[in-house]
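# A look at the structure
For reference, the chains in residue letters:
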Amino acid sequence: WEFNGSFYQPSAFLMMGIPGLEALHHWISIPFCALYLIALLGNCMILFIIKTTQSLHEPMYYFLSMLAVTDLGLVLCTLPTTLGIFWFNMRRIGFDACLTQMYFIHILSFIESSVLLAMAFDRFIAISHPLRHPSILTKTTVMKIGLVIILRGMVSLLPIPFLLKRLTYCRKTELSHSFCFHPDIMNLACADIKVNVFYGMIILLSTVGMDFIFIVLSYILIIKTVISLATKEECLKALNTCVSHICAVLVFFVPMIGLSMIHRFGKNVPPLVNTLVGYTYLIIPPALNPIIYSIKSSHIREALLRALRRKTE
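Residues numbered from 1 in each chain as written. Predicted model: local features only at pLDDT ≥ 70, side-chain atom pairs only at ≥ 80, totals over all residues. Heavy atoms only, no water.

### As for the overall build of the chain
Along the backbone of the chain there are 12 helices and 4 strands. Along the three orthogonal principal directions, the C-alpha set of the chain runs to about 70 × 45 × 35 Å. Across the 313 residues in the chain, those meeting the buried criterion constitute 49%. Considering only contacts within the chain whose residues lie at least 6 apart along the sequence, 80% involve residues at least 24 apart. Total accessible area on the chain stands at roughly 15,900 Å², and carbon and sulfur atoms take up 72% of it. Computed over 24 positive and 15 negative side-chain charges, the inter-centroid distance for the chain is 3 Å. (Helix = DSSP H or I, 4+ residues; strand = E, 2+ residues; numbered from the N terminus. Buried < 20%, exposed > 50% of the residue type's maximum accessible area, 1.4 Å probe, protein only. Contact = heavy atoms within 4.5 Å. Areas by Shrake-Rupley, 256 points an atom, 1.4 Å probe, with all protein chains shown as cover. Lys, Arg positive; Asp, Glu negative; His and termini not counted. Charge placed at Lys NZ, Arg CZ, Asp CG, Glu CD.)

Set out below in structure tokens:
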């Protein structure tokens, strides 16, 4: 502990695995390893296929590439600490290292939310204004959108580590997860955390909250356009292009909203539920997104089959 007058700051935090199941951590690590492996291989495969297939050099697949890179980042942020606990019981993480991990986890989560919004906008333009789609979402425009998404996440979250560093902490240093999460760290402080709570809530609502609202609005407009189409076959074909994205949105936003609600209002929620929702939020989307898009996108599926045939020849 570092002491400066009445100011206390822990040199490290202790992370949790799965409460009550510590004796089974080695066995529990097997499904986690499988999920991490699927996420790493699946997202790398998506990036490789899009890069090597000229016909996939379109806005929809550029945004999918951004989603895959973001998912890889989330996996690489949480994998060392999660598997470190399950395999070696390495629960200790330095204070600054924890803040760094937290910063990148939240940035990548915000980026994923924004990418999903950009993908919703792409689907809206493609269905509502198909002839203008290539001229609206050019390669340069997609790059600018990607740059804005990254800058928004970095700048909006930049004050968070400094707001946590100014706090005085209690003797309790146990985090609720095997990764560092802003509300989790904040709740260990003995000081007044109203500024942290207020800033965190404002940033969450103005970024992820607004993204979700605009995604819903995009689909309302898409449904309105689809209903006006002449035949049932055209309606189904248009909606079928959105199924993968809708699944990705649900897989990401449902656990994220659940985890935020638990940290802010679920004081009596069992620790096991809190932990499982946290893992669902950060591990399941990166593992499921490549599977969802590989199954639902015929272009990616065909490109994957062609790549496999070339390797076997």
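### Regarding the nonpolar core
Membership of the largest hydrophobic core comes to 86 residues, with the highest contact counts inside it found for F13, L64, L116, L164, Y169 and I185. Once residues lying within four places of it in the same chain are set aside, the contact partners of F13 are R91, R92, I93, F95, C98, Y169, T173, L175, I185 and L188. (Core = buried A, V, L, I, M, F, W, Y, C linked by side-chain atoms within 4.5 Å.)

### Thoughts on unusual backbone geometry
Of note, the phi angle at N89 is positive, near 55°, even though the residue is not glycine. In this structure, N89 sits in the loop between α2 (59–88) and β4 (92–94).

### Structural notes on the UniProt feature "transmembrane region" (unreviewed entry) in the chain
Mapped onto this numbering, the UniProt entry annotates "transmembrane region" (unreviewed entry) at residues 24–50, 62–88, 100–121, 142–164, 197–222, 243–264 and 276–295. Within residues 24–50, the helical portion is 96% and the strand portion 0%, while the C-alpha atoms at the span's ends are 40 Å from each other. The distance from the first to the last C-alpha atom of residues 197–222 is 36 Å, and the span holds 100% helix and 0% strand. (UniProt positions renumbered as here; feature names shortened; annotations may be inferred.)

### Regarding the state of the cysteines
Working definition of a disulfide: a covalent bond connecting the sulfur atoms of two cysteines. Tallying each qualifying case throughout the model produces 2 disulfides. Disulfide pairing places C98 opposite C180 at an S-S distance of 2.0 Å. Disulfide C98-C180: torsion about the S-S bond near -120°, hence left-handed. On the criterion of sequence distance, the pair formed by C98 in helix α3 (residues 95–128) and C180 in the loop between α6 (159–165) and α7 (182–186) is long-range, its members being 82 residues apart. Look at C180 and you get buried, because its relative accessible area is 0%. Between the sulfur atoms of C170 and its disulfide mate C190 the distance is 1.6 Å. One end of the pair, C170, is in the loop between α6 and α7; the other, C190, is in the loop between α7 and α8 (194–227), and 20 residues separate them in sequence. Judged by its relative accessible area of 47%, C190 is partly exposed. If one numbers only the bonded cysteines of the chain, in the order they occur, the disulfide pattern is 1-3, 2-4. (Disulfide = S-S within 2.5 Å.)

### Some points on empty space enclosed by the protein
According to the stated counting rule, one finds 3 cavities of 30 Å³ or more in the structure shown. Of the volumes computed, that of the largest cavity is approximately 190 Å³. In terms of lining, the largest cavity is formed by 15 residues, of which the most central are H106, F110, H182, L204 and R264. Going through the elements one at a time, α3, α7, α8 and α10 (243–265) are the ones with two or more residues in the lining of the largest cavity. Its volume calculated, the second largest cavity comes out at about 50 Å³. (1 Å grid on protein atoms, 1.4 Å probe; cavity = no way out; pocket = protein on both sides within 12 Å on 5 of 7 lines; lining within 4 Å. Points joined across faces, edges and corners; volume = space filled by probe spheres on them.)

### Here we look at the packing of helix α1 (residues 25–52) against α2
Running from amino to carboxyl end, α1 crosses α2 at an angle of 155°, the nearest separation of the two axes being 9 Å. The angle between α1 and α2 falls in the class roughly antiparallel. As α1 runs across α2, the sense of the crossing is left-handed. Considering only residue class, the contact of α1 with α2 consists of 22 nonpolar, 7 polar and 1 charged. (Axes fitted to C-alpha atoms, helices over the stretch in contact; angles between N-to-C directions. Parallel < 35°, antiparallel > 145°, perpendicular 65-115°, else oblique. Left-handed = near helix turned anticlockwise from the far one by under 90°. Nonpolar A, V, L, I, M, F, W, Y, C, P; charged D, E, K, R; others polar.)

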